Amino acid sequence: QESKSTAYVRRLLVSRLQEKHEPTHPRAQTPPPPPPINNKTKTKTMVKKSKQPVGAGGIKGFLTRAGNSFYSGGIFAKDGCYWLAQHAGRWGFIIATSSLVVLMPLVFEIAREGQMLETERTQVKDLRSQGYSDRQLQEMGFSETVVRPPSVALSKK
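Note that this is a predicted model, so its numbers are computed, not measured.

Structural notes on the side chain of Glu120
Phase 1: Mapped onto the fold, Glu120 is located in helix α3 (residues 58-129).
Phase 2: Of the side chains bearing the opposite charge, Arg121 lies closest to the buried Glu120, which forms no salt bridge; the N-O distance is 7.9 Å.
Phase 3: Polar contacts involving the side chain of Glu120 include one to the side chain of Ser143, which spans 3.4 Å.
Phase 4: For Glu120, the contacting residues outside a window of four places in its chain are Phe142, Ser143 and Val146.

Printed below as a string of structure tokens:
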């Protein structure tokens, strides 16, 4: 013997299973009707009209086809150049900004070193005129390139 609640649950489950297998709406079984046929759209989709007349031949037809070909080639080239310009501009910007950030401090340091060497050369020249030797100048802390410049730099051609 089943209790009343168990029987109720069983009847409810059976009824829901039957609802899933049987459509509740009468039109659910029939397929949707086909779209109405419009004669105007039917003729347009079935018949493809060409841009050129059927009998276009000879010089006139050749020139017409050549003109269309050059026109479409020009559009293709324009689109390709636009794409290339966009990408080249983007890469150019990346390279330019990176070189500014990386190379400009190096350029400034090289310029500063050149100024320092010029200052040391003038000091070494003044000290030599006072009678100091190369060894004494090196002991004072001047760099060897300032005290004794390379022999290649002295030769003038």
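Now that the structure is up, let's keep going.
So, the nonpolar core
Phase 1: One finds Leu117, Val124, Leu127, Leu137, Phe142, Val146 and Val147 forming the largest nonpolar core, which totals seven residues.
Phase 2: Among the secondary structure elements, those contributing two or more residues to this core are α3 and α5 (144-147).
Phase 3: Top element by residues in this core is α3. It accounts for three residues.
Phase 4: Setting aside chain neighbours within four positions, we find Val146 in contact with Leu117, Glu120, Arg121 and Val124.

A closer look at the pattern of salt bridges
Phase 1: This structure, assessed with the given rule, holds four salt bridges.
Phase 2: Two residues, Glu118 and Arg121, come together in a salt bridge whose shortest N-O distance is 3.0 Å. Residue Glu118 and its partner Arg121 are located together in helix α3, separated by three residues, close to a single helical turn.
Phase 3: Classification of Glu118 as partly exposed rests on a relative accessible area of 45%.
Phase 4: By relative accessible area, Arg121 is classed as partly exposed at 38%.
Phase 5: A salt bridge links Glu139 to Arg135, with the shortest nitrogen-to-oxygen separation between them at 3.5 Å. Here Arg135 and Glu139 lie together in helix α4 (residues 134-139), a separation of four residues that amounts to about one turn.
Phase 6: Residue classification places Arg135 among the exposed positions, given a relative accessible area of 63%.

Thresholds applied
- Residues numbered from 1 in each chain as written.
- Predicted model: local features only at pLDDT ≥ 70, side-chain atom pairs only at ≥ 80, totals over all residues.
- Heavy atoms only, no water.
- Helix = DSSP H or I, 4+ residues; strand = E, 2+ residues; numbered from the N terminus.
- Buried < 20%, exposed > 50% of the residue type's maximum accessible area, 1.4 Å probe, protein only.
- Lys, Arg positive; Asp, Glu negative; His and termini not counted.
- Salt bridge = Lys/Arg side-chain N within 4 Å of Asp/Glu carboxyl O.
- Polar contact = N/O pair within 3.5 Å; in protein donor to acceptor, adjacent residues only side chain to side chain.
- Contact = heavy atoms within 4.5 Å.
- Core = buried A, V, L, I, M, F, W, Y, C linked by side-chain atoms within 4.5 Å.

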